[in-house]
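One letter stands for each residue in the lines below.
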Amino acid sequence: MKNILFILTFFLLFSIVGCGKKSDNTDQTSSNNKNSFSWKDDLKISDIPEFPVKGYINGEEISFSYINFEKWRGTNDNVINFSTAKPEQPCGFIENFKGFQLMNKGSAITGEIIKGKFDEDTKTYTAFFKFTSSDGSPVKSASSWNCALKIDNNTDKLVSGRIALCFNDDKKSWIAGKFEAAICNN
């Protein structure tokens, strides 16, 4: 009788401990989906993380000091710039720009934009990243890219949204997260 009671107690204890660990792993995995991001070759809106925007250029992690949303009169181009440095004046030119740019030539950037695969047609959109190489020369990417973008709010002064943008370069450069951008009418 003691052996049966011991076996039942051991089995019950083992079952409770085992179940607890299983639910912890599930919670951690679902939490990581919202709070982490890594470069990928097939993007969806659901891949955009919940953290503030950050990026990697040429293998180096960068953060952004200035984000703007340019609306160009005349050509009707719309541009989102993610820069590591601020201009001297609001909406001004940034010397030695280091960061990312997404442009829609001749049309607005609104709602959801998905270019999931690197080889999909970009239509009117272009994207690149820029940095300064170790020898001091500027480098502008010519790599194919993919993107998932969702504009959540667009007012006269501010655009807020979420982005995941990956480049098919050797160092797997990317930008991802939530952002707010100042409107610049040029």
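Here's what I pulled together on the structure shown here. Only a predicted model underlies this, so the values are computations on that prediction, with no experimental measurement involved. (Residues numbered from 1 in each chain as written. Predicted model: local features only at pLDDT ≥ 70, side-chain atom pairs only at ≥ 80, totals over all residues. Heavy atoms only, no water.)

On to the nonpolar core. Grouped together as the largest cluster of nonpolar side chains are 28 residues, with contacts concentrated most on Ile80, Phe82, Phe100, Leu149, Ile163 and Phe179. Mapped by element, the contributors of at least two residues to this core are strand E3 (66-71), strand E4 (78-83), strand E5 (99-104), strand E7 (125-132), strand E9 (145-154), strand E10 (158-167) and strand E11 (174-185). With near-sequence residues (within four places) excluded, isoleucine 163 lies in contact with Ile48, Val53, Phe82, Leu102, Cys147, Ala148, Leu149, Ile175, Ala176, Gly177 and Phe179. Counting residues in each nonpolar core, the second largest holds 12 residues, with Phe37, Ile48, Cys166 and Ala176 among its members. (Core = buried A, V, L, I, M, F, W, Y, C linked by side-chain atoms within 4.5 Å. Buried < 20%, exposed > 50% of the residue type's maximum accessible area, 1.4 Å probe, protein only. Helix = DSSP H or I, 4+ residues; strand = E, 2+ residues; numbered from the N terminus. Contact = heavy atoms within 4.5 Å.)

According to the stated counting rule, one finds 1 disulfide in the structure shown. Disulfide pairing is shown between cysteine 91 and cysteine 184; the S-S distance is 2.0 Å. On the sign convention where negative means left-handed, the S-S torsion of about -85° between cysteine 91 and cysteine 184 marks this disulfide as left-handed. With cysteine 91 in the loop between E4 and E5 and cysteine 184 in strand E11, the pair connects residues that are 93 residues apart, well separated along the chain. Assessed through its relative accessible area of 0%, cysteine 184 is described here as buried. (Disulfide = S-S within 2.5 Å.)

A separate point is the packing of aromatic side chains. Tallying each qualifying case throughout the model produces 10 aromatic pairs. Aromatic side chains phenylalanine 82 and phenylalanine 179 sit 5.3 Å apart centroid to centroid with 85° between the ring planes, which places their arrangement in the edge-to-face category. With a gap of 97 residues between them, phenylalanine 82 in strand E4 and phenylalanine 179 in strand E11 connect regions that are remote in the sequence. Relative accessible area serves as the criterion here: at 4%, phenylalanine 179 is assigned to the buried category. Between the NZ or CZ atom of lysine 54 and the centre of the ring of phenylalanine 51, over which it lies, the distance is 5.0 Å. In this structure, lysine 140 is placed above the aromatic ring of phenylalanine 128, and the distance from its NZ or CZ to the ring centre is 4.3 Å. (Phe/Tyr/Trp six-rings, centres within 6.5 Å; stacked < 30°, edge-to-face > 60°. Lys NZ or Arg CZ within 6 Å of the ring centre and 35° of its normal.)

On strand E6 (residues 112-115), burial follows the alternation: Ile113 and Lys115 on one face are buried, whereas Glu112 and Ile114 on the facing-out side are not. Pairing of E6 with E9 involves 4 bridges; the strand directions are antiparallel. Paired with isoleucine 114 across the bridge in E9 is alanine 148. (Pairing = 2+ DSSP bridges.)

This part covers the pairing of E3. Counted residue by residue, E3 has 5 buried out of 6 residues, so it is predominantly covered. Relative to E4, E3 runs antiparallel, the two sharing 6 bridges. When the sheet's bridge partners are listed, asparagine 68 is paired in E4 with asparagine 81. Here E3 folds back onto E4 in antiparallel fashion, the turn holding 6 residues, of which glycine 74 has a positive phi close to 90°. As defined by bridge partners, E3 adjoins E11 across 4 bridges and the pair is classed as parallel. Paired with lysine 71 across the strands is asparagine 185, a residue of E11.

With that out of the way, let us pick up the side chain of asparagine 68. Its place among the elements puts asparagine 68 in strand E3. Leaving out residues up to four positions away in the same chain, asparagine 68 has contacts with Val79, Ile80, Asn81, Ala181, Ala182 and Cys184.

Positive phi, normally seen in glycine, also occurs at asparagine 58, with a value near 50°. Structurally, asparagine 58 is set in the loop between strand E1 (54-57) and strand E2 (60-62). Given the relative accessible area of 35%, asparagine 58 is considered partly exposed. Despite not being glycine, asparagine 96 has its phi angle at roughly 50°, a positive value. Mapping asparagine 96 onto the fold places it in the loop between E4 and E5.

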